[in-house]
Amino acid sequence: MGNRRPLIAGNWKMHTTVVDGCRLALDLAKGWQSKEDREVLVAPPFTILSEVAHVLEGSAIMVAAQNVCWEEKGAFTGEISPTMVRDAGGRAAIVGHSERRQLFGESDALVNRRLRGALAFGLMGILCIGETLEEREQERTFAVLSQQVERGLEGVSAAEMARVVVAYEPVWAIGTGRTASKEQAQEAHAFIRGVLAKKFEKSVAEQTRILYGGSVKPTNIDELMRQPDIDGALVGGAALEAESFLRIIHFQ
Ligand code: PGA
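Owing to the predicted nature of the structure, the values given are computational and were not obtained by experimental measurement.

Undergrad: A description of the overall build of the protein should follow, citing residues and the corresponding values.
TA: Along its length, the protein carries 11 helices and 8 strands. At 17 Å, the protein has a C-alpha radius of gyration in line with the 18 Å of a compact globule built from 252 residues. Each principal axis of the C-alpha atoms in the protein carries an extent, and together these give about 45 × 45 × 35 Å. Looking at the protein as a whole, 55% of its 252 residues qualify as buried. Across the protein, every contact between residues at least 6 apart in sequence was considered, and the portion connecting residues at least 24 apart equals 73%. Put simply, the protein shows about 11400 Å² of open surface, and 50% of that area lies on carbon and sulfur atoms. If you average the places of the 29 positive and of the 33 negative side-chain charges in the protein, the two averages end up 2 Å apart.

Undergrad: Requested: an account of the site of the ligand, with residues and values cited.
TA: Taken together, the neighbourhood of the ligand is formed by 13 residues, with Lys 13, His 97, Glu 169, Gly 175 and Ser 215 sitting nearest. Measuring from an oxygen atom of the ligand, one finds a side-chain N or O atom of His 97 at 2.7 Å. Separating an oxygen atom of the ligand from a side-chain N or O atom of Glu 169 is a distance of 2.7 Å. In isolation the ligand exposes 280 Å². Once the protein is present, 95% of that is buried.

Undergrad: Any chance you could break down the state of the cysteines for me, citing the residues and the numbers?
TA: Considering all chains together, one arrives at 0 disulfides under this definition. The thiol sulfur of Cys 128 is not disulfide-bonded, and the nearest other cysteine sulfur, from Cys 69, lies at 17 Å.

Undergrad: Please set out the pairing of strand β1 (residues 7–11) residue by residue, giving values where relevant.
TA: Within β1, 5 of the 5 residues are buried, leaving the element largely enclosed by the surrounding structure. Both faces of β1 are covered, namely the face carrying Leu 7, Ala 9 and Asn 11 and the face carrying Ile 8 and Gly 10. Bridge count for β1 against strand β2 (residues 39–43) is 5 bridges, and the pairing is parallel. Opposite Gly 10, over in β2, you have Val 42 as the bridge partner.

Undergrad: Residues and numbers for the packing of aromatic side chains, please.
TA: Per the stated rule, a full pass over the model turns up 3 aromatic pairs. Ring centres 6.4 Å apart and planes at 75° place the aromatic pair Trp 70 and Phe 76 in the edge-to-face group. The side chain of Arg 100 reaches across the aromatic face of Phe 104, ending 4.2 Å from its centre. Just above the ring of Phe 200 sits the side chain of Lys 199; from NZ or CZ to the centre is 5.7 Å.

Undergrad: Please provide a residue-by-residue account of unusual backbone geometry, values included.
TA: Backbone geometry at Lys 13 places phi at a positive 50°, although glycine is not the residue there. Even without glycine at this site, Glu 139 takes up a positive phi of about 55°. Looking at the secondary structure, you find Glu 139 in the loop between α6 (133–137) and α7 (141–152). For Glu 139, a relative accessible area of 74% puts it in the exposed group.

Undergrad: Please give an account of the sheet that holds strand β7 (residues 209–213) that cites residues and values.
TA: Pairing is parallel around the closed barrel formed by 8 strands, whose spatial order is β1-β2-β3-β4-β5-β6-β7-β8. When strand polarity is set aside, the average angle formed by the axes of neighbouring strands in this sheet is 25°. Pairing of β2 with strand β3 (residues 61–65), which is carried by 3 bridges, proceeds in the parallel orientation. Across the sheet, Leu 41 pairs through a bridge with Met 62, a residue of β3. Packing against the sheet, helix α11 (residues 242–249) makes contact with β1, β2 and β8 (232–235), and its axis sits at approximately 160° to β1.

Undergrad: Before we move on, could you go through helix α5 (residues 108–120) and cite the residues and values that matter?
TA: Given a rise of 1.5 Å per residue, 13 residues ought to cover 18 Å, and the 18 Å separating the end C-alpha atoms of α5 matches this to within 8%. Turning to α5, its buried residues number three or more, namely Asp 108, Val 111, Asn 112, Arg 114, Leu 115, Gly 117, Ala 118 and Leu 119. In this fold, the buried residues of α5 make contact with α3 (82–87), β4 (92–95), α4 (98–103), β5 (124–129), α7 and β6 (164–168). Following α5 by one or two positions, Gly 122 adopts a phi angle in the positive range, close to 85°.

Analysis parameters
- Residues numbered from 1 in each chain as written.
- Predicted model: local features only at pLDDT ≥ 70, side-chain atom pairs only at ≥ 80, totals over all residues.
- Heavy atoms only, no water.
- Helix = DSSP H or I, 4+ residues; strand = E, 2+ residues; numbered from the N terminus.
- Rg over C-alpha atoms; globule rule 2.2 N^0.38 Å.
- Buried < 20%, exposed > 50% of the residue type's maximum accessible area, 1.4 Å probe, protein only.
- Contact = heavy atoms within 4.5 Å.
- Areas by Shrake-Rupley, 256 points an atom, 1.4 Å probe, with all protein chains shown as cover.
- Lys, Arg positive; Asp, Glu negative; His and termini not counted.
- Charge placed at Lys NZ, Arg CZ, Asp CG, Glu CD.
- Near = heavy atom within 4 Å.
- Polar contact = N/O pair within 3.5 Å; in protein donor to acceptor, adjacent residues only side chain to side chain.
- Disulfide = S-S within 2.5 Å.
- Pairing = 2+ DSSP bridges.
- Phe/Tyr/Trp six-rings, centres within 6.5 Å; stacked < 30°, edge-to-face > 60°.
- Lys NZ or Arg CZ within 6 Å of the ring centre and 35° of its normal.
- Axes fitted to C-alpha atoms, helices over the stretch in contact; angles between N-to-C directions.
- Expected span 1.5 Å × (residues − 1).

Okay, structure coming up:
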């Protein structure tokens, strides 16, 4: 078994103004009884990345971007570079979230470029993967996951994998209130770890954190975290309220 430190990440999506984002960050900073055995991160919108990072300074809660470009600077209207994320106080970037893939047409190849850009400029990369309901019903879940892992991690070295986190988020569980059962999630996580072992080597697979995402709540976090291959969570809706996110990060 690897020695994986659990990571709980809050994805704020397209929510929060300066005032309510800072208030949420402040409430989290006050309520988080920093524990050595786990890491916590929030991904606010770009517009308040630097304010939130400022509020969280010294709190042991890291800040991440919800997406990132691969270039350092240049003519890329509407994009944010990895160095800009770092400059604003961010340490990580989410890439390939299913909303990016489904609503904005991001392909595995594009997601891979984003991930490699994040890694090249010193960020941690959180690569999101997950099957749709249709794919699950057609029993294509494993084929889809394996393709997303293979293509998403193309050109990423074993050494860089120390800064890669994989987030398994079944699309049918995101924002629907329909969480994957702990058995379904564990099965997918074990499968993903197997794909990583084949692509890299067993030790890399054992050290890589695989997060579960999709309707994670205070009521289901504890049993999810008890699964051997679930190393944390990527939380959407329940990360927007300090009380529920604090309960989630204090999982037992
Ligand atoms: P949810 O979102 O927790 O609201 O289902 C998870 C995510 O999209 O990362």
